[in-house]
There are 2 protein chains.
Amino acid sequence: MSNLFADLSPASDVEQFDELLSRPGLRIERIVSAGQASPPGYWYDQPQGEWVLVLEGEAKLALDNEPAPRLLKKGDFVDIAPHRRHRVESTATPTVWLAVHYD
Amino acid sequence: MSNLFADLSPASDVEQFDELLSRPGLRIERIVSAGQASPPGYWYDQPQGEWVLVLEGEAKLALDNEPAPRLLKKGDFVDIAPHRRHRVESTATPTVWLAVHYD
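The paragraphs below set out a description of the structure included in this document. Everything numeric in this text was worked out from a predicted model, so none of it was measured.

### Details of unusual backbone geometry
Residue and element names in this part refer to chain A.
Stage number 1. Note the cis peptide between Thr-93 and Pro-94, where omega equals -10 degrees.
Stage number 2. With a phi angle near 65 degrees, His-83 is a residue other than glycine that sits in the positive phi range.
Stage number 3. Checked against the element boundaries, His-83 lands in the loop between strand S6 (77-80) and strand S7 (86-91).

Have a look at this one:
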């Protein structure tokens, strides 16, 4: 793949993950969501930092200790620090994310 | 700034650089070009790797040892290895790049 908007699968029951770059301590990934959300009550708690950018669609991202989820639209980005608990409340179909995972 | 497409300056004689994230060994940057190109005969030779993605506009990127510049359009990305010589032959107004610089 050499284009971020190529090969978008049709709406699916599962999210689509494509690794775009992998280097020591760094991983760039495309995520295509189609209405998925984190399981009820489930919070991600990741050892790596994650910088995420929404490039198509929209999503509600909840961060621990914030009063309400953030609505992320095209172009919006968030840096999620290591071990900052977060969950995805909802996604549009499709939502295209760029995620940069870093040590 | 929390949106990649916010605060795009009007067409300018200079490129616009905005740092979005800076961590040890990692820097994420937005670059907004408005017709600029690398000076004639000038080749970048960078100690860090650079993963670049075009998100608006288009650009011609020349990589050393390739017969012709690559035309990068919306969504196209390229990983430029450390010390891989490259130059920007042309950019549309505006061209919005996301650049991930890494050790």
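Moving on from the model shown.
### A look at the interface of chain B and chain A
Stage number 1. Counting from both sides, the interface comprises 22 residues of chain B and, opposite them, 21 residues of chain A.
Stage number 2. Taking both partners together, chain B and chain A bury about 1900 Å²; carbon and sulfur atoms supply 71% of that area.
Stage number 3. The tally of links from chain B across to chain A stands at two salt bridges.
Stage number 4. Ionic pairing is found between Asp79(A) and Arg23(B), a salt bridge with its closest N-O pair at 3.0 Å.
Stage number 5. The tally of links from chain B across to chain A stands at ten residue pairs in polar contact (both at pLDDT 80 or more).
Stage number 6. Listed by contribution, the elements that provide at least two residues to the side of chain B that touches chain A are strand S1 (16-23), strand S2 (26-33), strand S3 (49-56), strand S6 (77-80) and strand S8 (95-102) of chain B.
Stage number 7. Counted by class, the side of chain B that touches chain A contains 14 nonpolar, three polar and five charged residues.

### Some remarks on the sheet that holds strand S2 (residues 26-33) of chain A
Residues and elements named next belong to chain A.
Stage number 1. On the basis of which strands lie adjacent, the open sheet formed by five strands has the order S1-S2-S8-S3-S6 and antiparallel pairing. Only two strands of the sheet have a single partner each, and these edge strands are strand S1 (16-23) and S6. The sheet shows a mean angle of 15 degrees between the axes of neighbouring strands, taken without regard to direction.

### What about the nonpolar core?
Stage number 1. Membership of the largest hydrophobic core comes to 28 residues, with the highest contact counts inside it found for Trp51(A), Leu98(A), Trp51(B) and Leu98(B).
Stage number 2. Mapped onto this core, the elements with two or more residues apiece are S1, S2, strand S3 (49-56) and strand S8 (95-102) of chain A together with S1, S2, S3 and S8 of chain B.
Stage number 3. In this structure Leu98(A) touches Leu4(A), Leu20(A), Ile28(A), Glu29(A), Trp51(A), Val52(A), Leu53(A), Leu55(A), Trp51(B), Leu53(B) and Leu98(B), once residues within four positions along its chain are discounted.

Analysis parameters
- Residues numbered from 1 in each chain as written.
- Chains lettered and ligands numbered in written order.
- Predicted model: local features only at pLDDT ≥ 70, side-chain atom pairs only at ≥ 80, totals over all residues.
- Heavy atoms only, no water.
- Helix = DSSP H or I, 4+ residues; strand = E, 2+ residues; numbered from the N terminus.
- Contact = heavy atoms within 4.5 Å.
- Buried area = accessible area lost by both parts, 1.4 Å probe.
- Salt bridge = Lys/Arg side-chain N within 4 Å of Asp/Glu carboxyl O.
- Polar contact = N/O pair within 3.5 Å; in protein donor to acceptor, adjacent residues only side chain to side chain.
- Nonpolar A, V, L, I, M, F, W, Y, C, P; charged D, E, K, R; others polar.
- Pairing = 2+ DSSP bridges.
- Axes fitted to C-alpha atoms, helices over the stretch in contact; angles between N-to-C directions.
- Core = buried A, V, L, I, M, F, W, Y, C linked by side-chain atoms within 4.5 Å.
- Buried < 20%, exposed > 50% of the residue type's maximum accessible area, 1.4 Å probe, protein only.

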